[in-house]
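As a plain string of letters, each chain reads:
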Amino acid sequence: MRLDKFISQQLEVSRAIAGREIRARKITINGEIVRDTAYKVMPEDDIAYDGNPLVVQQGPRYFMLNKPQGYVCSTDDPDHPTILYFIEEPSAYKLHAAGRLDIDTTGLVLLTDDGQWSHRITSPRHHLEKTYLVEVEAPLDPVLVEMFAAGIQLHNEKTLTRPARLEILDEKAARLTIGEGRYHQVKRMFAAMGNHVVALHRESIGSIVLDEALEEGEYRELTPEEIDSIGLPDELKQHK
């Protein structure tokens, strides 16, 4: 993240004001005055404003966000706004998405600064289930339920997808649960069946379900039960 963006978030001021404060020699990084607004802030940097430390971070953090369309799940992107726009927390730039969504996909995103925990979510070895609401362009054939359960042959893939649970909700809507995370998998599965996904919304990751009280763009901390549900070994449960 650029220094001016970081200062803007920390001081809750505009990017222009943040740049002015930086050029006024009010920012030190690791004890040295920095006037370059484009300086790339690193997690290990010790940053202060007028001698006051801006970052005091204790322990790992875990959040769920109801992601709107139009935002990417990377922490920094030159072309699109990122989901960190919604996160009003100290050192928000240290958080990352544990399992990304496409820019046009909405719903549950988990954010953390605990790399071991997020690896448990994203590692293909763990087959953590994720559930999506899917809207498609053409009517859904009931035979798809059995086809998805048997595995789908994706374009340019050597192996079938793992068995997936498809529940047809109405003519053009379904709920799909998958236990892997191939590139654009949900869209590609329906494309392989000659259909096109027009809307995609993630409802859950494992047993963590998107909080119905969260409006788009809102977030909250995960409960200890939700954090533990990912199933890390006891020695890695650092939050306890």
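Residues numbered from 1 in each chain as written. Predicted model: local features only at pLDDT ≥ 70, side-chain atom pairs only at ≥ 80, totals over all residues. Heavy atoms only, no water.

Novice: Would you explain the pairing of strand β5 (residues 62-67) in this entry?
Specialist: Within a regular strand, side chains alternate between the sheet's two faces. Counting buried positions over the 6 residues of β5 gives 6, a clear majority of the element. What you see with β5 is no split at all: Y62, M64 and N66 on one side and F63, L65 and K67 on the other are buried throughout. Strand direction decides the pairing type here: β5 and strand β7 (residues 106-112), joined by 6 bridges, are antiparallel. Counted as the bridge partner of N66 is L108 from β7. Where β5 meets strand β13 (residues 219-221), 3 bridges bridge the pair, whose relative direction is antiparallel. (Buried < 20%, exposed > 50% of the residue type's maximum accessible area, 1.4 Å probe, protein only. Helix = DSSP H or I, 4+ residues; strand = E, 2+ residues; numbered from the N terminus. Pairing = 2+ DSSP bridges.)

Novice: Looking at this structure, I do not really get the environment of V72. What am I missing?
Specialist: Here V72 shows up in the loop between β5 and β6 (96-97). By relative accessible area, which is 12% here, V72 ends up buried. Residues V72 and A97, spaced 25 residues apart in sequence, show a C-alpha to C-alpha distance of 9.9 Å. If we ignore the near neighbours within four places in the chain, the residues touching V72 are D77, H80, P81, T82, I83 and I103. (Contact = heavy atoms within 4.5 Å.)

Novice: Would you mind going over the packing of aromatic side chains with me for this structure?
Specialist: Given two aromatic rings, one states the distance between the centres and the angle between the planes to describe the pair. Applying the stated criterion across every chain yields a total of 7 aromatic pairs. Through a chain of ring-to-ring contacts, the aromatic side chains of Y71, Y85 and F86 assemble into a single cluster. (Phe/Tyr/Trp six-rings, centres within 6.5 Å; stacked < 30°, edge-to-face > 60°.)

Novice: What is the right way to read the layout of surface pockets from this model?
Specialist: Rolled over the atoms, a probe as big as a water molecule pinpoints where empty space is left. Volume-wise, the largest pocket comes out at about 670 Å³. Around the largest pocket sit 30 residues that line it, and R100, Y132, G181, R182 and H184 are the ones nearest its centre. Elements represented by at least two residues in the lining of the largest pocket include exactly α3 (115-122), β8 (130-136), α5 (185-192) and β11 (197-205). With 3 residues, α5 is the single largest residue contributor to the lining of the largest pocket. In the lining of the largest pocket, the residues fall into 13 nonpolar, 10 polar and 7 charged. (1 Å grid on protein atoms, 1.4 Å probe; cavity = no way out; pocket = protein on both sides within 12 Å on 5 of 7 lines; lining within 4 Å. Points joined across faces, edges and corners; volume = space filled by probe spheres on them. Nonpolar A, V, L, I, M, F, W, Y, C, P; charged D, E, K, R; others polar.)

Novice: Before we go on, may I ask you to explain the packing of helix α1 (residues 3-11) against helix α2 (residues 15-23) in this structure?
Specialist: One way to put it is that α1 packs onto α2 with a least axis distance of 8 Å and a crossing angle of 110 degrees. What the angle tells us is that α1 and α2 run roughly perpendicular. The residues of α2 that touch α1, namely those facing L3, D4, K5, I7 and S8, are R15, A18 and I22. When the residues that make up the contact of α1 with α2 are grouped by side-chain class, the tally is 4 nonpolar, 1 polar and 3 charged. (Axes fitted to C-alpha atoms, helices over the stretch in contact; angles between N-to-C directions. Parallel < 35°, antiparallel > 145°, perpendicular 65-115°, else oblique.)

Novice: Help me understand the pattern of salt bridges, please; the structure alone is not making it clear to me.
Specialist: Opposite charge on two side chains permits pairing when their charged atoms draw close. According to the stated counting rule, one finds 15 salt bridges in the structure shown. Where E21 meets K26, a salt bridge forms, and the shortest distance between an N and an O atom there is 3.2 Å. Residue class for K26 comes out partly exposed when judged on its relative accessible area of 29%. The network of salt bridges with shared partners includes E157, E180, R182 and R188. (Salt bridge = Lys/Arg side-chain N within 4 Å of Asp/Glu carboxyl O.)

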